[in-house]
Amino acid sequence: MKLFANLLLFGCLHLASTDMPMRKSLLFPLETDTSYVELIPQRNLSMTSFTLCMRLATELATGNREIILFAYRTQNYDELNVWRESNGTYSLYLATSNVNNAVVFKLPELNAFQTHLCLTWESQFGLTAFYVDGRRSLRKVYNVGHKVTAGGRVILGQDADAFLGKFDKKQSFVGEITDVNMWNYVLPTAIIKDLHAGKYAPRGNVFDWETINMKVNGNASVICDRSVV
Ligand SMILES: *[C@@H]1O[C@H](CO)[C@@H](O)[C@H](O)[C@H]1NC(C)=O
Ligand SMILES: *[C@@H]1O[C@H](CO)[C@@H](O)[C@H](O)[C@H]1NC(C)=O
Ligand SMILES: *[C@@H]1O[C@H](CO)[C@@H](O)[C@H](O)[C@H]1NC(C)=O
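Residues numbered from 1 in each chain as written. Chains lettered and ligands numbered in written order. Predicted model: local features only at pLDDT ≥ 70, side-chain atom pairs only at ≥ 80, totals over all residues. Heavy atoms only, no water.

Some words on the site of ligand 2
Note the threshold: Note on terminology: near, applied to a residue and a molecule or strand, indicates that one of the residue's heavy atoms is within 4 Å of it. The term polar contact refers here to a pair of N or O atoms within 3.5 Å; inside protein, the definition further demands a hydrogen-donor-capable atom paired with an acceptor-capable atom, and it admits residues adjacent in sequence only when both atoms are side-chain atoms. Shrake-Rupley sampling with a 1.4 Å probe provides the accessible areas, and residues are treated as covered by the protein chains on show and by no other component. Each residue is assigned to one class: nonpolar for Ala, Val, Leu, Ile, Met, Phe, Trp, Tyr, Cys and Pro, charged for Asp, Glu, Lys and Arg, and polar for all the others, Gly among them.
The environment of ligand 2 is made up of Glu85, Asn87, Thr89, Val99, Val104 and Lys106. For ligand 2, an oxygen atom lies 2.3 Å from a polar atom in the side chain of asparagine 87. A total of 360 Å² of accessible area belongs to ligand 2 in isolation, and the protein chains cover 51% of it. The class makeup of the residues in the shell around ligand 2 is 2 nonpolar, 2 polar and 2 charged.

Below is the structure:
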């Protein structure tokens, strides 16, 4: 199953070079504590600022279901985690698992249709913002002077309470994720609007969805869609 999924991924990349491009999505079909996708970065995640974007569709974002949206775990910390909290807020955790140390935003809920979700953070002033379908939220101040540390692993689908382990299915992601891109700098709002609209924008230099390497585990799989560009 794992091998098959990996082969599918390369199938997308191969077909992408023909005249009918293929786009890939990750599908997490079931609530499990075993399905996840590890993303292999192009460079280490030692960063004093970043932009993270992805398109997400899920039916879980109702009631008090926690949902992990992105998890970068180093040996001892949740280094950079993004959540839908049990009260329906959306949060960023930098080098902490303590909810009191997260920065929390009230955003429109994710739903069965794709939402383009981005977030930006920079160390100098701690300015943090979420973007939903190209629109920027208010900015909040979070973790001035902090630096994101290298040496961890990035996974989608599960939150690890230990280094790549101790998953909780009641925090897992179920649905589709695509267009995961990350930059080690803050993109301007106009560029994030362009990304949402599918227009040309600088390719991610930490994760570039066009060329990303991934390891697919459990029931997660890669779907290839023909796209008209
Ligand atoms: C991370 O990458 C930067 C730039 O490529 C490099 O200077 C730094 O030494 C790396 N850090 C670690 C911990 O690997
Ligand atoms: C929602 O939960 C988060 C995390 O527990 C908390 O920080 C925040 O204050 C809560 N927000 C509301 C509006 O209840
Ligand atoms: C999920 O994975 C388990 C274990 O490999 C397998 O038995 C099951 O059929 C899978 N379910 C789906 C829907 O792919």
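Still more to cover.
Re the packing of aromatic side chains
Applied cut-off: Two rings belonging to Phe, Tyr or Trp (six-membered ring only in the last case) form a pair when the distance between their centres is within 6.5 Å. Interplanar angles under 30 degrees mark stacking, angles over 60 mark edge-to-face geometry, and anything in between is tilted. Secondary structure is summarised from DSSP: a helix means a run of H or I of at least four residues, a strand means a run of E of at least two, and numbering begins at the N terminus for each. The buried label applies to any residue whose accessible area, calculated with a 1.4 Å probe on protein chains only, is under 20% of its type's maximum; exposed applies above 50%, and partly exposed to all values in between. By definition, being over a ring means that NZ of Lys or CZ of Arg is both within 6 Å of the ring centre and within 35 degrees of the ring normal.
In the structure shown here, the tally under the stated rule is 4 aromatic pairs. Ring centres of phenylalanine 28 and phenylalanine 173 lie 5.7 Å apart, and the angle between their planes is 85°; this geometry places the pair in the edge-to-face category. Placement of the pair is phenylalanine 28 in strand β1 (residues 22-28) and phenylalanine 173 in the loop between β12 (153-156) and β13 (175-183), with a sequence separation of 145 residues. According to the relative accessible area criterion, phenylalanine 28 is buried, its value standing at 1%. Across from the ring centre of tryptophan 209, 5.3 Å away, lies the NZ or CZ of lysine 24, which sits over that ring. The ring of phenylalanine 105 has lysine 140 sitting right over it, with the charged end atom 4.9 Å from the ring centre.

So, the pairing of β13
Cut-off, in case you're wondering: Pairing between two strands requires that DSSP report at least two bridges joining them.
By the criterion of burial, β13 is predominantly enclosed, with 8 of the 9 residues buried. As paired elements, β1 and β13 share 4 bridges and run antiparallel to each other. Residue pairing across strands places leucine 27 opposite glutamate 176, the latter belonging to β13. Pairing of strand β3 (residues 49-57) with β13 involves 6 bridges; the strand directions are antiparallel.

A look at the nonpolar core
Just so we agree on the cut-off: By nonpolar core we mean a set of buried residues, namely Ala, Val, Leu, Ile, Met, Phe, Trp, Tyr and Cys, connected to one another through side-chain atoms within 4.5 Å. Residue contacts are defined here by distance: any two heavy atoms, one from each residue, within 4.5 Å place the two residues in contact.
Counting residues in hydrophobic clusters, the biggest one holds 47 residues, and the most contacted among them are Phe50, Leu69, Phe70, Leu80, Leu92 and Met182. In contact with leucine 80, not counting residues within four places along its chain, are Met47, Phe50, Phe70, Ala71, Tyr72, Leu92, Tyr93, Leu94, Val148 and Met182.

Re the state of the cysteines
Here is the rule: Disulfides are defined as cysteine sulfur pairs within 2.5 Å.
In total, this model carries 1 disulfide according to the counting rule given. Here cysteine 53 engages in a disulfide with cysteine 118; their sulfurs sit 2.1 Å apart. The sign of the 110° torsion about the S-S bond sets the cysteine 53-cysteine 118 disulfide as right-handed. One end of the pair, cysteine 53, is in strand β3; the other, cysteine 118, is in strand β8 (residues 115-122), with 65 residues separating them in the sequence. The exposure classification of cysteine 53 matches that of cysteine 118, with both residues buried.

Here we look at the confidence of the model for the chain
To keep things clear, this is the line we draw: By definition, pLDDT measures how confident the predictor is in each residue, and it falls between 0 and 100.
When the pLDDT values of the chain are averaged, the result is 90; 89% of them are 70 or greater. Under a pLDDT of 50 for its full length, residues 1-8 has, in the predicted model, 11 contacts with residues more than four places off or in other chains.

Description of the pairing of β12
As defined by bridge partners, strand β2 (residues 36-40) adjoins β12 across 3 bridges and the pair is classed as antiparallel. Note that in β12 the partner of leucine 39 across the bridge is valine 154. In the sheet, strand β4 (residues 67-73) pairs with β12 via 3 bridges, with the strands oriented antiparallel. Of the residues in β12, the one forming a bridge with arginine 73 is arginine 153.

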